[in-house]
Amino acid sequence: MSKQLALVIDDERDIRELLTLTLGRMGLVVDTAANVAEARQRLSENRYTLCFTDMRLPDGSGQDIVEYVAGHHPETPIAMITAYGNVDAAVNALKAGAFDFVSKPVDINVLRRLVQTALKLGETKRAEQVASGSKLIGESAPMQELRATIAKIARSQAPVYIAGESGVGKELVARLIHELGPRSATPFVPVNCGAIPSELMESEFFGHKKGSFTGAHADKDGLFQAAHGGTLFLDEVAELPVHMQVKLLRVIQEKAVRPIGARAEVPVDVRILSATHKNLARMVDLGAFRQDLFYRINVIELRVPPLRERRGDIPLLATRVLERLARDGGGPPARLSEGATAALMTYEFPGNVRELENVLERAVALCEDNVIAAADLRLIPTQSAGSVAEPTPAALHEAPPRAAPAAPPAPAAPLSDSAFNDLAAAVAETERAAIMKALEATRWNRTAAARHLGLTLRQLRYRLEKLGIE
């Protein structure tokens, strides 16, 4: 097996010796450089498994080294050594291409974990090779660009903010980033921030000690501890209340959590991926989301295109969905008529891929002779996304309003009490049937059923209680 070379760039002899000793004990051969010029010379002579560079150097900065390695040796992971608390330098290094950073004074355990992560990056060249297309379906230009970007950022440890409308597949993108990176063998922990009651958030995220509050009958690890060594995916991060935004920011900066009732902090090593369908930058402008937290989770922003921007992928997506439905149902796949295909290609799909799946599942149940006609799709014309007005604070939590009718409708006679009760009962029965179908399809997994229905878990719980479904 060929030897693994590491390059340590620092003008402090003590730091160079410490890293040389630590890396040597991990089986690496270490070269050192005291400045930018020496570092470039070493990089031109050897191919390194990983690099470490100090932020401040006599003839330049570590940022220069990071940018040079990212541009000339993209296969080589490089980490920045920063002064304690120098968050801006760390963030800038991650944006420039560093895969992680370590603060002075250097913690040996943190350093070893970082090295292990870097070695995994060097061992596997998954990024371009894994068939992510089998999960992210589509050959349109936006999807090819998305897959290429995912492959590139998967090898980094920088936080990624995944932006996109509801139903575009943000969690799927997060899972691919995890699977293509060096943490693929470690836990991927997704959490819907909008589904956790505010009063339980701190315990859910950070854990608690036995007896720390009423009902705390045993020690419990939080989501950060569960994701230790892996990836924590914060879905619908815009739903976090302000007090949790403050705590989350501190955990990201300190890489440690303090469980409720604990005296000491617990180190955690997680990569943060986050997503929301809301305009998070607009929420920052309106004061609804902390700017400092936004900058920490948004080191890299990845936009997932809506379905209407990649209409050419609709036939292939529809075929895959119909094949899956056929496997689940145990019969041959249904076929789309020309009219049905044309209807799908011109529809706006405000609910994106998730809505396409729901539309096709319903159409399969309604069609005859296993051929889906346009009428079986029951598509409702929607307002063009381009006509939506600039959101107000309230509108950040609501669907955009439909255009007002050209003329007011004629006044209608009020419903009688009996007619109103009959209508309410019919609506409730329809809602009950849809919820029961979703629960049965997901084997009574409430989280999966809520996602299937396009609801939050909290909304589904409310409906279950309202309808008396146990």
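It should be noted that the structure appears before, not after, this text.
Thresholds, definitions, all that
- Residues numbered from 1 in each chain as written.
- Predicted model: local features only at pLDDT ≥ 70, side-chain atom pairs only at ≥ 80, totals over all residues.
- Heavy atoms only, no water.
- Helix = DSSP H or I, 4+ residues; strand = E, 2+ residues; numbered from the N terminus.
- Contact = heavy atoms within 4.5 Å.
- Areas by Shrake-Rupley, 256 points an atom, 1.4 Å probe, with all protein chains shown as cover.
- Salt bridge = Lys/Arg side-chain N within 4 Å of Asp/Glu carboxyl O.
- Buried < 20%, exposed > 50% of the residue type's maximum accessible area, 1.4 Å probe, protein only.
- Axes fitted to C-alpha atoms, helices over the stretch in contact; angles between N-to-C directions.
- Parallel < 35°, antiparallel > 145°, perpendicular 65-115°, else oblique.
- Nonpolar A, V, L, I, M, F, W, Y, C, P; charged D, E, K, R; others polar.
- Pairing = 2+ DSSP bridges.
- Phe/Tyr/Trp six-rings, centres within 6.5 Å; stacked < 30°, edge-to-face > 60°.
- Core = buried A, V, L, I, M, F, W, Y, C linked by side-chain atoms within 4.5 Å.

S.K.: What should I look at first to understand the overall build of the protein chain in this one?
M.R.: Per the secondary structure count, the protein chain includes 20 helices and 16 strands. Intrachain contacts of the protein chain at a sequence separation of at least 6 include 68% that bridge at least 24 residues. On the protein chain, roughly 24400 Å² of surface is accessible, and the fraction owed to carbon and sulfur atoms is 52%.

S.K.: Please explain the pattern of salt bridges as it appears in this structure.
M.R.: Two side chains of opposite charge can pair, provided their charged atoms sit close to one another. Summed over the entire model, instances satisfying the criterion amount to 17 salt bridges. Across the pair R308 and E165 runs a salt bridge, and its minimum N-O distance is 2.4 Å. Linking R308 in the loop between β14 (300–303) and α14 (314–329) with E165 in the loop between β8 (160–163) and α8 (170–179), this pair joins segments that are 143 residues apart in sequence. E165 gets classed as partly exposed once you look at its relative accessible area, which sits at 27%. Beyond isolated ion pairs, a larger network of salt bridges with shared partners links D10, E12, D54 and K104.

S.K.: What's the story with the packing of helix α19 (residues 446–453) against helix α20 (residues 457–467) in this structure? I'm lost.
M.R.: Think of two packed helices as two axes; the pair is described by the angle between the axes and how far apart they sit. Running from N to C, α19 and α20 cross one another at 100°; their axes reach a closest spacing of 9 Å. By the angle between their directions, the pair α19 and α20 is classed as roughly perpendicular. Here R446, T447, A449, A450 and L453 of α19 come into contact with α20, specifically with L457, L460, R461 and L464. Looking at the contact of α19 with α20 residue by residue, the class counts come to 6 nonpolar, 1 polar and 2 charged.

S.K.: What should I look at first to understand the pairing of strand β6 (residues 78–82) in this one?
M.R.: Regular strands place side chains that alternate from one sheet face to the opposite one. Of all the 5 residues making up β6, 5 are buried; the element is thus mostly covered by neighbouring parts of the structure. Side chains I78, M80 and T82 of β6 all project onto a buried face; the interleaved residues A79 and I81 project onto the opposite face, where all are buried too. Of the pairings in the sheet, the one linking strand β3 (residues 50–54) to β6 comprises 4 bridges and is parallel in character. Opposite T53, over in β6, you have M80 as the bridge partner. Where β6 lies against strand β7 (residues 100–103), 4 bridges are found, and the strand directions are parallel. The residue bridging T82 from the neighbouring strand is S103, located in β7.

S.K.: So what exactly am I meant to see when it comes to the packing of aromatic side chains here?
M.R.: Any aromatic ring pair is given by two values, namely how distant the centres are and how the planes are angled relative to each other. Considering all chains together, one arrives at 7 aromatic pairs under this definition. For the pair F205 and F206, a centre-to-centre distance of 6.2 Å together with 50° between the ring planes defines the contact as tilted. A single burial state applies to F205 and to F206, both of which are buried. The interplanar angle of 80° and the centroid separation of 4.6 Å between the aromatic rings of Y347 and F349 together place this pair among those described as edge-to-face.

S.K.: Looking at this model, I keep getting lost on the sheet that holds strand β13 (residues 271–276). Mind explaining?
M.R.: Sheet strands pair via backbone hydrogen bonds, and the direction of the pair is either parallel or antiparallel. The 5 strands are arranged β9-β10-β13-β8-β14 in an open sheet whose pairing can be described as parallel. Every interior strand has two partners, whereas the edge strands, β9 (188–192) and β14, have only one. Neighbour-to-neighbour, the strand axes of the sheet open up by a mean angle of 20°, direction not taken into account. Summarising the sheet, β8 and β14 pair through 4 bridges and their orientation is parallel. If you follow I162 over to β14, its bridge partner there is L302.

S.K.: Is there a simple way to think about the nonpolar core in this case?
M.R.: One broad trend across soluble globular proteins is that nonpolar side chains are buried collectively. Counting residues in hydrophobic clusters, the biggest one holds 46 residues, and the most contacted among them are I150, I162, V173 and I177. One finds M201, M244, L248 and F289 within the second-largest nonpolar core, a separate group that totals 33 residues.

S.K.: Hey, could you run me through the sheet that holds β6 in this one?
M.R.: Read across the open sheet, the 5 strands follow the order β2-β1-β3-β6-β7; overall the sheet is parallel. Each edge of the open sheet carries a strand with a single partner, namely β2 (29–33) and β7. Between one strand axis and the next, the sheet turns by 20° as a mean value, whatever way the strands run. Two strands pair when backbone bridges link them, and strand β1 (residues 5–9) and β2 are joined in this way by 5 bridges, in the parallel orientation. Along β2, the bridge assignment pairs I9 with A33. In the packing of helix α2 (residues 36–45) onto the sheet, the strands contacted are β1, β2 and β3, and the crossing angle to β2 comes to about 140°.

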